[in-house]
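Observations on the model geometry
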Protein chains: 2
Amino acid sequence: MDNPVVVEVLRGARVESRHRGAGAIVDADGAVVLAFGEIDEPVFPRSAVKALQALPLVESGAAETLLLSEAEIALACASHSGAPVHVETAAAMLAKAGLDAASLACGVHWPLGEDASRALSRAGRAPSQLHNNCSGKHAGFLCLACASGWETGGYEQAAHPVQRAAKAAIEDVTGAALGEDVCATDGCSIPTYAIPLRALALGFARLATGAGLASSRAAAAKRIFAAVATNPAMVAGEGRFDTEVMRLFGPRVFVKTGAEGVYCAALPELGLGFAVKADDGATRAAQIMIAALIGRMLPGGESERRRLAPFASPILRNWNGVEVGALRAAGPLRSQ
Amino acid sequence: MDNPVVVEVLRGARVESRHRGAGAIVDADGAVVLAFGEIDEPVFPRSAVKALQALPLVESGAAETLLLSEAEIALACASHSGAPVHVETAAAMLAKAGLDAASLACGVHWPLGEDASRALSRAGRAPSQLHNNCSGKHAGFLCLACASGWETGGYEQAAHPVQRAAKAAIEDVTGAALGEDVCATDGCSIPTYAIPLRALALGFARLATGAGLASSRAAAAKRIFAAVATNPAMVAGEGRFDTEVMRLFGPRVFVKTGAEGVYCAALPELGLGFAVKADDGATRAAQIMIAALIGRMLPGGESERRRLAPFASPILRNWNGVEVGALRAAGPLRSQ
């Protein structure tokens, strides 16, 4: 099946580039409210399921035992910018588990946030594992291992209890069976499991509503959503899509990016989950897809859509600030 | 017409993302040697035609009058990394025209080259227009204006003699008519004209052979190709695709990237020109497309293809250096 063109990049009056993709909006009973493209083929959600991977940390009581703050729980669900606040929060999580940055298995990269990255260079410093955008998730994994009395070494491996718990939570919430045939290695060295968009969207509807989940899991999901909603800057960073969209709408919108053009989202007030993937892996396309879908569903009509416009139909400017084009939703995502 | 999938991104054993695109290999008579996808729809070549835009600088005698070096001519065709050597060379070109960085209209951005960018931050400095990847092209435009006795102000505007000369050269070499209907504004504020891939490929075949060009234009093309071949580090920078591929093959291969997934190339020994565009604008896809095509055509067989393999089928590693996947040519570009 050929996925439709869903995003167009305009330069002047002409379409310069186009992105194809698929997506689904599903309720907590699994009913498909809206879909386009292939939604039953497994795709790697990458970091878009960090909130699901954080469920065992909260549900097990580890977060409680280690007195993790709301901001720290939010950072466990983050692909953060590597700003000082992110780095310090990840270090504080590790300290609560009696560990430090040397325990992290996520690897090192320069901060995703350009300001954070430049500031680090300017200070003549190099990044550590704490600057890795996944350091909060990994710190959460280590907190879970520590509070559970598990070995911390090898926590990133598929066979370790931490990864088994994360996988079991994802399977339970999405209903997808995650076998070795859909397993690969993520950028931060943990396993990533390919899951159909339909199942991902269902998972986020359940996460948002608690429907179909054990009560302890539903409570953990509620706490995670609340933590993210009150700490949107922890989940990405200043000026970044996820943070700014959640700032605009507070607890009404949960949204999380994953590498290679994935987005998952939820609108708790409607009990809906969303999942999209740009075929070509482009984040710019996935952002417009998810913004267009949120704008279509979010109660509040035209005024809410106007607030989303900078995300759903951004203007392209060149190095002199001259407007040279725009991105816009297309095909099944075009606004009526 | 739907362009075919031409590049696949693998994570583990699964295809995680896929890129579609179109491309053409054409000889200097316009005969299509190989084509896939839509090659008659105009696409913006962006920086992939900088060698064509530099023709008037050389052909007019301006480069001669101002005693531009081979390295400076190469930089006029560059999307450079903003390394010190690029910045100094652009400044030297401007000085030969009696100008400085304030005359540049390309705008400011941080160096494309990560090393150059970090070094600038570390020194507590900010980028200038000289760091813009197009500063060499703009310095070339200003040299042309200066040696021709034209006003330098407004040289980036479509109506200025510099841009009229660049446009006339592109029209002549590619055979495409460049009207207002195909004109938009490039990242560096000069006009960019959409041109079919078939015409772009023809243009590079003519540039490589001189066939069909006035003798002064053919001589200018020859000088530009020689300047680039002997200064591959000027055209992009250390570790970047264009520089490293041209270093491997010297004057046998000319290759130049353009934003939004475009590549143009030429194999002078065969008299062939190449042009490709990834539908979605992804540079990673366009690189594999052009590397696969060069590998297919370049005389030398298996041993040359092996040297191209790191560019045609790169391995993907994560932040810990673990091999997690690969990119590969697909569909009509799959190696037999």
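What you see is a predicted model; the values in this text were computed from it and never measured.

Now for the pattern of salt bridges. Within this structure, the stated rule accounts for 40 salt bridges over all chains. Where R46 of chain B meets D186 of chain B, a salt bridge forms, and the shortest distance between an N and an O atom there is 2.8 Å. Here the residue R46 of chain B occupies a position in the loop between β4 (42-43) and α1 (50-53), and D186 of chain B occupies one in the loop between β5 (183-185) and β6 (191-193), the gap between them amounting to 140 residues. In terms of burial, R46 of chain B and D186 of chain B fall into one category: buried. Ionic pairing is found between E238 of chain B and R247 of chain B, a salt bridge with its closest N-O pair at 2.9 Å. Linked through salt bridges whose partners overlap, the residues forming this network are R11 and E16 of chain A together with R46 and D186 of chain B.

With 48 residues of chain B at the contact, the number on the chain A side is 47 residues. Roughly 3800 Å² is buried in total at the junction of chain B and chain A, and carbon and sulfur atoms are behind 44% of that figure. The three residues of chain B that bury the most area against chain A are R14, R118 and W319 of chain B, which together make up 19% of that side's buried surface. Our count for the contact surface shared by chain B and chain A stands at 8 salt bridges. At the junction of chain B and chain A, the tally comes to 34 residue pairs in polar contact (both at pLDDT 80 or more). Mapped onto the side of chain B that touches chain A, the elements with two or more residues apiece are β1 (5-11), β2 (14-27), α6 (114-122) and β5 of chain B. Among the elements that make up the side of chain B that touches chain A, the one with the highest residue count is β2 of chain B (6 residues). The residue makeup of the side of chain B that touches chain A, split by class, is 14 nonpolar, 16 polar and 18 charged.

Right, let's get into unusual backbone geometry. Residue E260 of chain A is not a glycine yet carries a positive backbone phi of 65 degrees. Secondary-structure assignment places E260 of chain A in the loop between β8 (254-258) and β9 (262-267). Phi is positive for L67 of chain B, close to 55 degrees, though the residue is something other than glycine. Mapping L67 of chain B onto the fold places it in the loop between α3 (62-65) and α4 (70-76). Taking the relative accessible area as the measure of exposure, L67 of chain B reaches 66% and is therefore exposed.

Quick look at helix α14 (residues 302-312) of chain B now. Residue and element names in this part refer to chain B. Buried within α14 are the following residues: E304, L308, F311 and A312. Along α14, the residues classed as buried sweep out an arc of 75 degrees about the axis, all on the same side. In α14, the exposed positions angled more than 90 degrees off the buried face are occupied by R306 and P310. Looking at the buried residues of α14, the elements they touch are α12 (241-249), α13 (283-297) and β12 (323-329).

Expressed as a screw transformation, the operator carrying chain B onto chain A has a rotation angle of 180 degrees and an axial translation of 0.0 Å, and the superposed copies differ by an RMSD of 0.0 Å. The two molecules are tied by a two-fold rotation axis, judged by turn and shift. Taking the C-alpha atom as reference, chain B places R122 of chain B closest to the rotation axis, 2.0 Å from it. Of all interface residues in chain B, 98% are interface residues in chain A too; the two copies therefore contact each other through one and the same surface.

Turning our attention to helix α6 (residues 114-122) of chain A. Regarding α6 of chain A, the residues found buried are A116, S117, R118, L120 and S121 of chain A. Structurally, α6 of chain A contributes buried residues whose contacts are with α6 of chain B. Following α6 of chain A by one or two positions, G124 of chain A adopts a phi angle in the positive range, close to 70 degrees.

Turning our eyes to something else, we now look at the packing of α13 of chain B against α14 of chain B. The angle between the axes and the distance between the axes are what describe a pair of packed helices. All names here are of chain B. Look at α13 against α14: their axes get within 9 Å of each other, and the N-to-C directions meet at 170 degrees. By the angle class used here, α13 and α14 are roughly antiparallel. The segment α13 lies against α14, with Q287, I288, A291, A292, I294, G295 and R296 engaging R305, L308, F311 and A312. Across the contact of α13 with α14, the residue classes tally to 7 nonpolar, 2 polar and 2 charged.

Parameters and conventions
Residues numbered from 1 in each chain as written. Chains lettered and ligands numbered in written order. Predicted model: local features only at pLDDT ≥ 70, side-chain atom pairs only at ≥ 80, totals over all residues. Heavy atoms only, no water. Salt bridge = Lys/Arg side-chain N within 4 Å of Asp/Glu carboxyl O. Helix = DSSP H or I, 4+ residues; strand = E, 2+ residues; numbered from the N terminus. Buried < 20%, exposed > 50% of the residue type's maximum accessible area, 1.4 Å probe, protein only. Contact = heavy atoms within 4.5 Å. Buried area = accessible area lost by both parts, 1.4 Å probe. Polar contact = N/O pair within 3.5 Å; in protein donor to acceptor, adjacent residues only side chain to side chain. Nonpolar A, V, L, I, M, F, W, Y, C, P; charged D, E, K, R; others polar. Arc of directions from axis to C-beta. Least-squares fit on C-alpha atoms with pLDDT ≥ 70 in both. Axes fitted to C-alpha atoms, helices over the stretch in contact; angles between N-to-C directions. Parallel < 35°, antiparallel > 145°, perpendicular 65-115°, else oblique.

On their own, these measurements won't tell you what the molecule is for.
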